[in-house]
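Below, each chain spelled out in residue letters.
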Amino acid sequence: MIRNIPQTKTYSRGFRLYVILYFVFLFAPLVVTCILAFNDSMFPSLPWKGFTLEWFTGNTMEMTGIFNDQINLDSIWVSFKVAFFVSLLSTFVGTMGAFLFEQENFPFKQLLFFLMLAPLVIPGVILGISILLFSNTLGLFFETHFGLDVGLFRPGFWLVVLGQFSFITTIVTLIVSARLKKFDHTLEEAALSLGATRFETIVHITLKFLRPAILGAMAVAFLMSFENFNTTLFLVGSQATLPINLYLQVRDGSTPVINAISVLMIGGTSLLALVNLYFSKQER
Amino acid sequence: MESGIGHIISQRKGDPMKPGIRWGLVIFITPVLVWLTVLILLPQVDMFIMSIRAKNELGEMVFSIGNFKLFFLEPIYWRTFARTAIFSILVTFLTFLITMPIAFYITKVVSPKFQGFLSVLILMPFWVSELVRVYGWMILLRESGVINHFLIKFGLLNKPIEMLYNDATMIMGLVYTSMLFMLVPLLSALESLDNSFIEAAYDLGGSVWSIATRIVIPHCLPGIVSGSIVVFMLTLGNYLTPNLMGGKNGLWFTEQIYNQFIASFNWNQGSAFGFLLLILSSGIIWMGLKLTKQTLGKVVQ
C-alpha cells in the first residue's frame, strides 16, 4: 500500500512495472519525434539513414531546414506576438479580477464569480465561434449605422488575441487568487494605519507579495496562448499562428521539418516550464 | 474577505477614497466587467440569437427553429452528437483509471527522494503543444510508422498495418492529451490525505480494494470531480485529436460545427450546433456536480 506498510513482492513489482509502462507511454511520442528530426531521410520515419542537421539549417530544394523556411518562421513570429499581447493583457485583467473577488464586496458578486468561471466549462471551439459571430455582428452594425469598416471585427491578429485572452484570463485570475488567499491582511492593515494610501499599499506590499504568482501566471498564459489551437482556428485571418500552420502541414502530409520545429518547441516550453517551476518554488 | 480592507478604510476619517464612490472597487471591476460582458456573455447571447434564425423562401432572415429541427431529423447529426458525448464520458473514465494509480504511487509509495523529480517529470510532456504530441503518435502508429517498422523487423508482422484512423486510437489519443488535467487535482487531493488513515485501515485488516474504495477515493472525490470536469470539457471540445487520429467516417461533433462554419458557410446552422454542444457540456457537468454533491465554486479551488 504505502511506503511504511510491507507488501508482497508481486504487488510492489507489479505496481512498479505499471509506473514504468506509464512513463514509456508518456514519453514515447515526444522522444521519437525528436530523434527523427535528425534522421537523414525525406520522411519522418525509420529506417535510420544517418545523423543530419539539414532539417534545421538546410537550404536546398529538397531539404529546407526550419531556419530557412520562411512560412514556418513567419508563423512562429506571429505566435510570439500573439502570446506576448495575450499574456500581458490577461495578466493585467486577471490580477484585477483576483483583487476584485478576494478583497471587494459588492452586490451580485457570486453571479459575477460564476461568469468568470464560465470559460472553464465552455469548450474552446464554442468560444471561438461565438466571438467570431459577435465581432461579425458588431462589424455589420458599425458598417450600416456609421459607414465604418473596422478591421478589428474581421478574423485576424487582434481577434485571435481577444479570443485567447477571453479564457486565459480566467486561469490567471484563479492562479493569482490562490496566492492572494494566503496573504496576511495584517500587513496591509499595518501599512494603512501608518498612513499609506490604499494605492501605495497595493503597490508596495500586496503586489510585492503576489509577484511570484503573477510572473508564474504570465508564463502559463504565454504557453497557453502559444499553443492554443481550438479557439484560434475560427478567428485566424491571413496570419496563421504556429499551431494552425503546423496543423495544415500535418494534415496534408509531413516532412521532418515539423520534427525540427517540434524539437524547438519542446526545448522552448521545457525552458519556460522550468522558469515557472522556479517561481512557484519561490512562492513557498 | 469580509475582514479586509474596505472595513479599515471606512473607519479612517478624511480618507480621500472614502466618500461616495469606492474607487478601488470601480478600478478592479471595470476591466473584469468589460472582459466578461464583451467576450463571454454577449457572444454567447449572439450565438443563441443566430441559432434561432434562418432564411425563409424569399431569402430573408426570420425567426425559425429549423436549425434545431434539422439536427433531430438528420441521423448523421444527432448520431455524431451522441457518439461524441458517450466517447467523452468514456475518455474521462479511462483517464481517471489510468492516472489514479500513478498519482497514488508518486504521493504515497515512491521514496520522498524521488517524489519531486517524478512529479516534475510527469507534468513535463503536457507543457508541449497538443499538436506536437498528436504528431508524435502519428509518426509512431501510421502505416510507415516506427512501431510497424519494428514489428516487421522482429518478424511479428509480414506487412505493415494502419494503426491510425480508428476509434480505439482516437480514444487513446484523447486520454493521452487530457491526463494532465486529471493528474494535477489528484496529486493535490492525495497529498492532503493523512497516511495514518491508510495505516489504520491496514492494521484493522482492510484489503487493498476496500482501502481504495472506502478511504482513498472518498477523500479524493473533490479532486476527482474537478479533474473529470476539465477532462470531459476538453475532450468534448477537442478538434485536433479526433480530426488527425480518428477515422474518416467517425466524426466528432466539433468537426460538424467546423464544417458548417467554414465549409458550408451556414453560420446559423453552425450556431445551433454550437449551442447544443454548450448545453451538453454544461448539462453533463451540472449532473456530475449534483451526483457527487459538489459545487463548481468549491471544485475549482
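Residues numbered from 1 in each chain as written. Chains lettered and ligands numbered in written order. Predicted model: local features only at pLDDT ≥ 70, side-chain atom pairs only at ≥ 80, totals over all residues. Heavy atoms only, no water.

**Student:** So what exactly am I meant to see when it comes to the overall build of chain B here?
**Tutor:** Of regular secondary structure, chain B possesses 14 helices and 2 strands. The C-alpha atoms of chain B give a radius of gyration of 25 Å, which is well past the 19 Å a tight globule of 301 residues would have. Based on the C-alpha atoms only, the size of chain B along its principal axes is roughly 85 × 75 × 35 Å. Sequence-distant contacts in chain B: of pairs separated by 6 or more residues, those separated by 24 or more amount to 65%. Carbon and sulfur atoms make up 69% of the accessible area of chain B, which totals about 14600 Å². On chain B, the mean spot of the 20 positive side-chain charges and the mean spot of the 15 negative ones are 4 Å from each other. (Helix = DSSP H or I, 4+ residues; strand = E, 2+ residues; numbered from the N terminus. Rg over C-alpha atoms; globule rule 2.2 N^0.38 Å. Contact = heavy atoms within 4.5 Å. Areas by Shrake-Rupley, 256 points an atom, 1.4 Å probe, with all protein chains shown as cover. Lys, Arg positive; Asp, Glu negative; His and termini not counted. Charge placed at Lys NZ, Arg CZ, Asp CG, Glu CD.)

**Student:** Honestly, the interface of chain A and chain B in this entry has me stumped. Any pointers?
**Tutor:** Often, the extent of an interface is quoted as the loss of accessible area upon association of its parts. If you look at the interface, chain A gives 103 residues, while chain B gives 103 residues. When chain A packs against chain B, the two sides together hide about 9200 Å² of surface, and 77% of this comes from carbon and sulfur. Our enumeration of links across chain A and chain B arrives at 0 salt bridges. At the surface where chain A touches chain B, the tally comes to 10 residue pairs in polar contact (both at pLDDT 80 or more). Ranked by residues supplied to the side of chain A that touches chain B, first place goes to helix 1 (residues 9–36) of chain A with 16 residues. (Buried area = accessible area lost by both parts, 1.4 Å probe. Salt bridge = Lys/Arg side-chain N within 4 Å of Asp/Glu carboxyl O. Polar contact = N/O pair within 3.5 Å; in protein donor to acceptor, adjacent residues only side chain to side chain.)

**Student:** How do you make sense of the domain arrangement of chain B when you look at a structure like this?
**Tutor:** All names here are of chain B. Each assigned domain of chain B is listed with its residue range as follows: domain 1 (1–51) and domain 2 (68–300). Contacts between the two partners involve 5 residues from domain 1, matched on the other side by 8 residues from domain 2. Note on domain 1 versus domain 2: buried area summed over both sides is about 600 Å², and carbon and sulfur give 72% of it. In this assembly, domain 1 and domain 2 are joined by 0 salt bridges. Here domain 1 is connected to domain 2 by 1 residue pair in polar contact (both at pLDDT 80 or more). For the side of domain 1 that touches domain 2, the residue count by class is 3 nonpolar, 2 polar and no charged. (Domains from an automatic or database assignment. Nonpolar A, V, L, I, M, F, W, Y, C, P; charged D, E, K, R; others polar.)

**Student:** Teacher, can you tell me more about the pattern of salt bridges here?
**Tutor:** Two side chains with opposite charge may pair up if their charged atoms get near one another. All chains considered together, the criterion is met by 2 salt bridges over all chains. Across the pair lysine 181 of chain A and glutamate 102 of chain A runs a salt bridge, and its minimum N-O distance is 3.1 Å. Placement of lysine 181 of chain A in helix 6 (residues 157–181) and of glutamate 102 of chain A in helix 3 (residues 70–103) is noted, with a sequence separation of 79 residues between them. Looking at glutamate 102 of chain A, the relative accessible area reads 12%, which means it is buried. Arginine 83 of chain B is the salt-bridge partner of aspartate 167 of chain B, the closest N and O atoms lying 3.2 Å from each other. Remark: arginine 83 of chain B occurs in helix 4 (residues 75–109) and aspartate 167 of chain B occurs in helix 8 (residues 167–191); sequence separation between them is 84 residues. (Buried < 20%, exposed > 50% of the residue type's maximum accessible area, 1.4 Å probe, protein only.)

**Student:** What is the right way to look at the nonpolar core in this model?
**Tutor:** Soluble globular proteins: nonpolar side chains tend toward being buried together. By size, the foremost hydrophobic cluster in this structure holds 163 residues, and its most contacted members are Leu100 of chain A together with Trp35 and Val216 of chain B. Sorting elements by how many residues they give to this core places helix 8 of chain B first, with 13 residues. Residues from two domains meet in this core; each of domain 1 (1–51) and domain 2 (68–300) of chain B gives at least three. In this structure, valine 216 of chain B is in contact with Met100, Phe104, Leu190, Leu193, Ile198 and Ile211 of chain B, ignoring residues within four places of it in sequence. (Core = buried A, V, L, I, M, F, W, Y, C linked by side-chain atoms within 4.5 Å.)

**Student:** Would you mind showing me how to read the side chain of threonine 235 of chain B here?
**Tutor:** Tracing the backbone through its elements, the reader meets threonine 235 of chain B in helix 10 (residues 208–236). Other than its neighbours up to four places away in sequence, threonine 235 of chain B contacts Ser88, Val91, Leu174, Ser178 and Trp252 of chain B.

**Student:** Can you walk me through the environment of asparagine 268 of chain B in this structure?
**Tutor:** All names here are of chain B. Within the fold, asparagine 268 resides in helix 13 (residues 267–291). According to the relative accessible area criterion, asparagine 268 is buried, its value standing at 9%. Beyond its immediate stretch of four places on either side in the chain, asparagine 268 contacts Met50, Ser51, Arg53, Met61 and Asn67.

**Student:** Would you take a moment to explain the packing of aromatic side chains for this structure?
**Tutor:** Both the distance between ring centres and the angle between the ring planes are used here to describe each pair of aromatic rings. Residue and element names in this part refer to chain A. The tally for this structure, following the rule as stated, stands at 43 aromatic pairs over all chains. Over the aromatic face of phenylalanine 157 sits the side chain of lysine 81, whose NZ or CZ is 5.6 Å from the ring centroid. The side chain of arginine 179 reaches across the aromatic face of phenylalanine 209, ending 4.0 Å from its centre. (Phe/Tyr/Trp six-rings, centres within 6.5 Å; stacked < 30°, edge-to-face > 60°. Lys NZ or Arg CZ within 6 Å of the ring centre and 35° of its normal.)

**Student:** How do you make sense of the packing of helix 3 (residues 66–73) of chain B against helix 4 of chain B when you look at a structure like this?
**Tutor:** A packed helix pair is summarised by two numbers, namely the angle formed by the two axes and the spacing between the axes. Residues and elements named next belong to chain B. Remark: helix 3 packs on helix 4, axes separated minimally by 5 Å, with the N-to-C direction vectors making an angle of 80°. The angle between helix 3 and helix 4 places the two elements in the roughly perpendicular class. From helix 3, Leu70, Phe71, Phe72 and Leu73 reach across to helix 4, where they touch Pro75, Tyr77, Trp78 and Phe81. Taken together, the residues of the contact of helix 3 with helix 4 break down into 8 nonpolar, no polar and no charged. (Axes fitted to C-alpha atoms, helices over the stretch in contact; angles between N-to-C directions. Parallel < 35°, antiparallel > 145°, perpendicular 65-115°, else oblique.)

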